[in-house]
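Residues per chain, in single letters:
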Amino acid sequence: MESTMVVATGICYGDSESDCSSTDVGKDKSNSKSNSESETESESDDEWKKKKNKKKKKRKKKKKKKKGVLFSREERVELGRLFQRAVSCYDLELAESLVSMADPQSLNDALCITLDSIWFLRTQQQLIGITGLINKIIANGACDFSRAALRTCFLASCVSACQSRSMSPADTVSLMAQRLHERLQECNGDELLKAEAGAKFHKFTEWALKCIHCHSPNSHSNSPNSHFRDKNGNPEGEDTDGVGGLHNQIQLQLSAFKTFIDLSGNQLTGKDFTEAFDAACFPLTLFSTLFDPNSAAAIQGLLAILVEGGADNVNQCFLEASRFGSTHLVRILLQALFVSNSKIAQRNSLDVDVDLALGFASHYCKIGTMECLVEEGNAIAFLGPLMRAAERGCMQVVDWFMKRGCRDMELCLALTAATSSSQVHVAAYLLPHVPRHVLQTLSIEILRAAGERSAGSLDGVAFLLRSDFLGDPAATYAVADIISRSEDGAVAPELKSFLQEHWSEAAFLDGLRQGQEHYMNIMRILKWGGSPISLRDLPAPLRVTIAYLPLYRECVEAGGPLLSQRLRGKLVEAVTRLDGAVLKEVGQSSELLAVLEHHLPPFLLHPSRVA
């Protein structure tokens, strides 16, 4: 939320209406001056030059008249529009003449407009012309370097993201607005501030896309100065072979930005570089899959320059990108900070926590980002994210870590975490993957830890015991009995009470006693009951049903290879009375149920048991 407000408010700082409207090229204007400009685009090159010379003469007169006078808002907006058009067409002579007549605020606007144009440079001649214009603007008194750096870094990010051309500008704005809304909803904060930040960001995004359109090669095709073209009609000095041309353009653009940094002297502070870094990163967290990896070099270079300048929020942006699943930005930061030849992170002693970023990405189930952090960022700290995913019951993340490969101890701790939070489905998934010897060695610690960290539910502990997690019924029952009789104060009282009541040797004896009492009560009813229905006259299967169907259903619903000791005691007593068989071995739960089922009507048996 904080970074969103910084970007939205910082970029729009100043006379934003003038700045944004200066890029609003091609729309109908109400005044005659704008109409004449739109008509000029359809005229021949000679007529365009004649009208341009006439305008120069008029502006020389205005320069004498307005020198030292502050412009009104309307005049500043109009001057900005003219200057924007001149820069977009690379009509640097006209642009310089407008600089000479600008007031201080207009100079700052001109600096922003000129600096924005560097991300569209294609030739060395354009680089020389634009950097020379920046130098002249600064020499004439422009001083708002902070705003210029902030908004041009935002624009650079938008330019790189839009180079894929997979969506129309309108669709891009809509998609970014939707993703910004989703991101703000996930953040804590005042709803009014969120709405205000969203509106400002949406406004500036629209400006950025208009600016991109304004600088597109076809936007001013009638202007002879739109590109310095060679005899074949291609922009002079531009490599048209694809990859090489793009690389050269990026180098030109980064060179122009470095020149701006040099010309600003010491006027840009560490805070300015920090906010500019945030402005460059933020759009990429929203563009996400729209970003074209082939254009990553420009953003990598820009971020590297900002880090060298003093940006200190690299780790914060890295963690936010991981948290929101902005895999392309994560990859760009990894490439720029660690993989590149300059090794910026090492040289600037940046503390970028890749393992913590993996924790953020896994917490929000950003699988693609997790893969990037592990494969390209060499994140190796699986234990914490795996345990938290198991504790939350996030099967997708747990499965991902499992497939990546986890150590035995990591799996055991994840099983404990899932058990403690009663995430039975995760525990069931992990249990077969934990080696048996590890479970046998740590069985008491697993159950104790699960009991201590449980939030009132011991369903996870019951699941492990019912599943015979040690693979040996006698050993599983013995572990539960040991904990139930422990005098160690570290054992959670709830766990101890639960085991005493259901899983201890004493619970088995209590189950036998309850079974005997139940049998005696049934006999009393059969002999001395006063019911009009004589139970003794019912068929034997129905009498067994009345006596033991509730016990049968309770045993079936418990599930698992093992029954609790209490249920086992009841079942042993029931089978002894019904069949005369004595099945008291701890591993005979299935046999006990089978004997009881033999005495029940088939239509009452549980479907799973019938199958």
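See the structure shown above.
In this text the structure is predicted, and so the values were computed from the model without any measurement.

Caption draft 1: Highlighting the nonpolar core. One finds Phe 83, Trp 119, Phe 257, Phe 260, Phe 277 and Leu 302 to be the most contacted residues of the largest nonpolar core, which totals 148 residues. Among the elements that make up this core, the one with the highest residue count is helix 9 (residues 145-162) (12 residues). When residues of this core are assigned to domains, at least three fall in each of domain 1 (72-215 + 246-267) and domain 2 (381-503). Ignoring any residue separated from it by four or fewer positions in sequence, one finds Phe 277 in contact with Leu 303, Leu 306, Val 307, Ala 311, Asn 313, Val 314, Cys 317 and Leu 333. Listed in part, the 24 residues of the second largest apolar core include Ala 547, Leu 549, Leu 593 and Leu 605.

Caption draft 2: Just the side chain of Ser 564, in detail. With respect to the helices and strands, the residue Ser 564 is situated in the loop between helix 29 (540-558) and helix 30 (565-579). Residue Ser 564 is classed as buried on the basis of its relative accessible area of 9%. Contacts of Ser 564, omitting those with residues within four sequence positions, involve His 502 and Trp 503.

Caption draft 3: Quick peek at the packing of helix 29 against helix 30. One can describe the packing of helix 29 onto helix 30 by two numbers: an axis separation of 11 Å at closest approach and a directional angle of 145°. Two packed elements cross with a definite hand, and for helix 29 against helix 30 that hand is left-handed. Residues Val 544, Tyr 548, Leu 551, Glu 554, Cys 555 and Ala 558 of helix 29 form the contact with helix 30, whose participating residues are Arg 566, Leu 567, Lys 570, Leu 571, Ala 574, Arg 577 and Leu 578. Considering only residue class, the contact of helix 29 with helix 30 consists of nine nonpolar, no polar and four charged.

Caption draft 4: Focus on a nonpolar patch on the surface. A cluster of nonpolar residues, Leu 356, Phe 360 and Tyr 364, forms a patch on the protein surface that exposes about 250 Å² of accessible area. Looking at where Leu 356 falls in the secondary structure, it is placed in helix 18 (residues 354-363).

Caption draft 5: Molecular detail of the pattern of salt bridges. Scanning the model with the defined rule gives 16 salt bridges in all. Salt-bridge contacts for Asp 109 lead to Arg 147; the nearest nitrogen and oxygen are separated by 3.0 Å. Highlighted residues: Asp 109 in helix 7 (residues 104-116) and Arg 147 in helix 9, separated in sequence by 38 residues. Residue classification places Asp 109 among the buried residues on the basis of a relative accessible area of 3%. Among the ionic pairs, Glu 573 bridges to Arg 577, the shortest N-O distance being 2.6 Å. Of this pair, Glu 573 and Arg 577 both sit in helix 30, four residues apart, which is roughly one turn of that helix. A relative accessible area of 6% means that Glu 573 is categorised as buried. Overall, Arg 577 belongs to the partly exposed group, its relative accessible area being 40%. Each member of the salt-bridge network shares a partner with another, and the members are Asp 109, Asp 144 and Arg 147.

Caption draft 6: A look at the packing of aromatic side chains. Counted by the stated rule, this structure contains seven aromatic pairs. With a centroid separation of 6.1 Å and 40° between ring planes, the pair formed by Phe 257 and Phe 260 is classed as tilted. Here Phe 257 and its partner Phe 260 are both found in helix 12 (residues 243-264), three residues apart, which amounts to about one turn of the helix. Here the two residues Phe 257 and Phe 260 agree in accessibility, since each one is buried. Seen in terms of ring centroids, Phe 382 and Trp 400 are 6.3 Å apart; in terms of plane orientation they differ by 50°. Their pairing is tilted. Of this pair, Phe 382 sits in the loop between helix 19 (367-375) and helix 20 (383-392) while Trp 400 sits in helix 21 (residues 395-404); the two residues are 18 residues apart in sequence, bridging distant segments of the chain. Owing to a relative accessible area of 8%, Trp 400 belongs among the buried residues under this scheme. Three or more aromatic residues joined by ring pairs form one cluster here, namely Trp 119, Phe 145, Phe 257 and Phe 260. Stacked on the ring of Tyr 477, the Lys or Arg Arg 568 has its end atom at 5.5 Å from the ring centre.

Here is what the cut-offs are and how they apply
Residues numbered from 1 in each chain as written. Predicted model: local features only at pLDDT ≥ 70, side-chain atom pairs only at ≥ 80, totals over all residues. Heavy atoms only, no water. Core = buried A, V, L, I, M, F, W, Y, C linked by side-chain atoms within 4.5 Å. Buried < 20%, exposed > 50% of the residue type's maximum accessible area, 1.4 Å probe, protein only. Helix = DSSP H or I, 4+ residues; strand = E, 2+ residues; numbered from the N terminus. Domains from an automatic or database assignment. Contact = heavy atoms within 4.5 Å. Axes fitted to C-alpha atoms, helices over the stretch in contact; angles between N-to-C directions. Left-handed = near helix turned anticlockwise from the far one by under 90°. Nonpolar A, V, L, I, M, F, W, Y, C, P; charged D, E, K, R; others polar. Patch = residues over 30% accessible without salt bridge, like charges linked within 9 Å, V, L, I, M, F, W, Y side chains within 5 Å. Areas by Shrake-Rupley, 256 points an atom, 1.4 Å probe, with all protein chains shown as cover. Salt bridge = Lys/Arg side-chain N within 4 Å of Asp/Glu carboxyl O. Phe/Tyr/Trp six-rings, centres within 6.5 Å; stacked < 30°, edge-to-face > 60°. Lys NZ or Arg CZ within 6 Å of the ring centre and 35° of its normal.

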